[in-house]
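# An overview of the molecular structure
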Amino acid sequence: MNTSEPADGERGDTERLTWIERRRAKIRDEIARNRRGEYTVPTWVLAAALVAIVGGWLALIFLVG
């Protein structure tokens, strides 16, 4: 069969290469933002810190009091 599409192995390599390039570009962009001072803390980190602080206060209140 003659098809215009590349074989599975060739197409997979091309897709993987473009995925790797997109990933590298995303990492480069993030590093550049961080160097400019645009770094932000992820929301899940802030939520985890809040839970730890509230949990600590509650433990202090119930265990000591």
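Our subject is the structure listed above.
Procedures and definitions
- Residues numbered from 1 in each chain as written.
- Predicted model: local features only at pLDDT ≥ 70, side-chain atom pairs only at ≥ 80, totals over all residues.
- Heavy atoms only, no water.
- Helix = DSSP H or I, 4+ residues; strand = E, 2+ residues; numbered from the N terminus.
- Buried < 20%, exposed > 50% of the residue type's maximum accessible area, 1.4 Å probe, protein only.
- Areas by Shrake-Rupley, 256 points an atom, 1.4 Å probe, with all protein chains shown as cover.
- Salt bridge = Lys/Arg side-chain N within 4 Å of Asp/Glu carboxyl O.
- Expected span 1.5 Å × (residues − 1).

Moving on, we get to the overall build of the protein chain. Within the protein chain, the secondary structure is distributed over two helices and zero strands. The buried share of the protein chain, taken over its 65 residues, is 0%. Accessible surface, the protein chain as shown: approximately 6300 Å² in total, 62% of it carbon and sulfur.

Moving on, we come to the pattern of salt bridges. For the structure on display, the rule yields two salt bridges. With a closest N to O distance of 3.5 Å, E21 and R24 form a salt bridge. Highlighted residues: E21 and R24, both in helix α1 (residues 8-36), separated by three residues, approximately one helical turn. On the basis of relative accessible area, R24 is assigned to the partly exposed category, the value being 46%. Across the pair E38 and R36 runs a salt bridge, and its minimum N-O distance is 3.1 Å. The exposed category is assigned to R36, whose relative accessible area is 54%.

Attention now goes to helix α2 (residues 43-64). For α2, with 22 residues, the first-to-last C-alpha span of 31 Å sits near the 32 Å given by 1.5 Å per residue. The element α2 is barely covered by neighbouring structure, given that only zero of its 22 residues are classed as buried.

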